[in-house]
Structures are given as C-alpha cells and as structure tokens.
Amino acid sequence: MKSIRVPRRIKNGDEPYILSPKNDFLFRLLFGDDGNEELLASLLSSILHEEIEHVVIKNPYILKLFSEDKEAILDIKAAINSKKLVDIEIQLWNSPCLMSRILFYWARLYASQIKQGNDYTVLQKTTSILILDDLNHSSEDYHACSHLHDWKQHITLTDMIEVHVLELPKLHNLKQLDKSNTLLQWMLFFNAQTREELIMVSEANPVIKKATDLLITMSRDEETRQMYEAREEYLLGRQIEIQGAKGEGREEGRETERKDIAMRLIEEGMNDEFIKKITGLDIAVIRSLHNNR
C-alpha cells in the first residue's frame, strides 16, 4: 500500500504549527506573489545553476481566483533574464500521469511564445521544474535534469527543452551536507519539520531568512491558515480517492487502509470531524481507534 501523506505542518513548540511550504497553495503564495521575485530568483538560480539578474512572474498569484477554484493548478510561470521561460511547481505525490502533465505544461508554455505572423526564431528556451514530495526514479540523487538527448551518439539534440525533477524524500541519502550549497539549503527549507530546522537553514542564507520570516508571518494570518488547511484537506481527500479507485473490489482492504489513515491523523492531532470527512469512517469507529492507541 502506498503511503498516504498526512496534512503537513512544521512543529512550533507550544505555539500553533507553522504552515509548510510543501503545500502547493503556500508555495504559490510564497514564490508567486508580486514583490516576492527575489525569493523566486534565488530558488530558480540554485536549481538552474545560473545567475538570475531579472525575473518576471507571468501569472501572479490571485487569492480570489484560488478561493473560487479548489482544483486550481498552482504552478508559477516566469521569464528569467529576458531570454528563458520557466514553469515551476511543487507536488505532494507521484501519480501515473504526472510526467505527462509536466511535459504538457512545458509544451503549452513553449508554444505560447508564437503569435500569428511570427516565425520560429521567436521561441526561447523553456524549462519545467517539479519539486516532488515523493519518489519518481530509481537514482539516489535527489536532482534529475533531462534534455532531448541521443543516447547512441551521446549528443544533445537541442537545449530548448529542459525538465528538472527534485525529490525531497531523497535528501536523507546525502552522507554529508554541504551547507554552502544554495540548492540544498532551499530543499532543506522545504523539508523542515520543526521551527528549529527552519531557523538553522535560514541562518546560512539571507534570502531563505526572508522566506522563513514571511512563512512565519503567513502562518499567523487566519485567512491564509484557513485556506491552507482547506487545501490540505482537498489534497489528502484527492489522494485517498485516487488510491481507492485503484483498489475497487477490495472493500476489506480499503476499510483497513481508511483505519490506518485515521490512526495517522489521530497521531497528528486532527479532530474527529476532520478525520470523518477525510476517511468516511463513522465517528464511533474513530473513537474506538482512539482507545486502541
């Protein structure tokens, strides 16, 4: 059975938990809002290994639009150094169609450059970036970069297409942590489980310090917190729905899976009504699980 991700939260001692930047709503708010270009430029620079002097967010974050569309795709489109287009997003889990979707977004962004009457010389290099809180390929390296490459002649056919996949669960494979590596600093920021871990990584990088301060400020805003929790609820319910569809006809196994999920949510401190909404279990069953802890 594939692991279910429980709602993500950064422990904050006795204070309310800090919202996690792994949540795609928070990610979009943090890096895709007007005024946060410095954060996005630093993150993109660390992934692409190039100095970014100028970044323009092509689809700025709009709170009202998100609140009206819970199924919104929360990727960020940007132009960097006036010569390259980038699409970046964060995802909770690896679904069978995920890479097809990433390539579709790449193709749509690439083709959007051509207007009627243009020729192909207007096309600029286009890059898709996926930060994934799951596993995608068998390599131990957490960062994969793909091009159109001829494996027989060992040549790159073109540099106009580039796809990056960064797998957060693979950070534990690193034997030694190079604290001066900006990309690793950003990945540790996304992967932080406690306030102490956030503070530690922010001390090494002033831009990440700015992102951390902004994240903590967002966590104190009631409207942002409610939208974050609604998005977590939607994402968790969607994952359970997809995995349940794969297991149709195995009701007993699905019941066991729902109880396992409920136990994890109980351990995370979720209330019974939330657990009922996510798992579909009766309140009486959920209460009995409390007694079995």
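Residues numbered from 1 in each chain as written. Predicted model: local features only at pLDDT ≥ 70, side-chain atom pairs only at ≥ 80, totals over all residues. Heavy atoms only, no water.

## Topic: the sheet that holds strand 6 (residues 155-167)
Logical step 1: Strand order in this open sheet of six strands is 1-2-3-4-6-5, and the pairing throughout is mixed. Looking at strand neighbours, the two that pair on one side only are strand 1 (55-57) and strand 5 (143-150), the edges of this open sheet. With strand direction ignored, the average angle separating the axes of adjacent strands in the sheet is 25°.
Logical step 2: Helix-sheet contacts for helix 1 (residues 24-31) involve strand 1, strand 2 (76-80), strand 3 (84-91) and strand 4 (125-132), and the interaxial angle to strand 3 is about 145°. (Pairing = 2+ DSSP bridges. Helix = DSSP H or I, 4+ residues; strand = E, 2+ residues; numbered from the N terminus. Axes fitted to C-alpha atoms, helices over the stretch in contact; angles between N-to-C directions. Contact = heavy atoms within 4.5 Å.)

## Focus: the pairing of strand 5
Logical step 1: Where strand 5 meets strand 6, seven bridges bridge the pair, whose relative direction is antiparallel. Bridge pairing links Cys145 to His164 in strand 6.

## A word on the pattern of salt bridges
Logical step 1: Counted according to the given criterion, the structure contains 11 salt bridges.
Logical step 2: Arg8 is paired through a salt bridge with Glu232; the nearest N and O atoms lie 2.6 Å apart. With a gap of 224 residues between them, Arg8 in the segment before helix 1 and Glu232 in helix 8 (residues 222-246) connect regions that are remote in the sequence. One exposure class covers both Arg8 and Glu232, and it is buried. (Salt bridge = Lys/Arg side-chain N within 4 Å of Asp/Glu carboxyl O. Buried < 20%, exposed > 50% of the residue type's maximum accessible area, 1.4 Å probe, protein only.)

## Side note on unusual backbone geometry
Logical step 1: The phi dihedral of Ser82 falls on the positive side, at around 60°, and the residue is not glycine.
Logical step 2: Backbone geometry places His154, a non-glycine residue, at a positive phi of 55°.
Logical step 3: Structurally, His154 can be placed in the loop between strand 5 and strand 6.
Logical step 4: A relative accessible area of 62% places His154 in the exposed class.

## A closer look at a nonpolar patch on the surface
Logical step 1: Judged by side-chain polarity, Leu148, Ile155 and Leu157 come together as a nonpolar surface patch covering roughly 280 Å² of accessible area.
Logical step 2: Here Ile155 is to be found in strand 6. (Patch = residues over 30% accessible without salt bridge, like charges linked within 9 Å, V, L, I, M, F, W, Y side chains within 5 Å. Areas by Shrake-Rupley, 256 points an atom, 1.4 Å probe, with all protein chains shown as cover.)

## A short note on helix 4 (residues 98-111)
Logical step 1: Taking 1.5 Å as the rise per residue, helix 4 with 14 residues should run 20 Å; its terminal C-alpha atoms sit 20 Å apart, in good agreement.
Logical step 2: Those residues of helix 4 that sit buried are Leu98, Ile102, Tyr105, Trp106, Leu109 and Tyr110. Each buried residue of helix 4 lies within a common arc of 130° when the element is viewed along its axis, so the set occupies one face.
Logical step 3: Residues of helix 4 that are buried sit in contact with strand 2, strand 3, strand 4 and strand 6. (Expected span 1.5 Å × (residues − 1). Arc of directions from axis to C-beta.)

## What to know about the side chain of Thr127
Logical step 1: Structurally, Thr127 can be placed in strand 4.
Logical step 2: With residues up to four places along the chain from it excluded, the contact list for Thr127 reads Leu48, Lys84, Leu85, Val86, Asp87, Trp106, Glu162 and His164.

## Description of the confidence of the model for the chain
Logical step 1: This prediction gives the chain a mean pLDDT of 85; 84% of its residues lie at or above 70.
Logical step 2: Across the chain, the secondary-structure element scoring lowest on mean pLDDT is helix 3 (residues 63-67), at 55, and the one scoring highest is helix 7 (residues 206-219), at 97.
Logical step 3: Confidence drops under a pLDDT of 50 for residues 248-252, and excluding neighbours within four residues, the segment shows two contacts in the predicted structure. (pLDDT = per-residue confidence, 0-100.)

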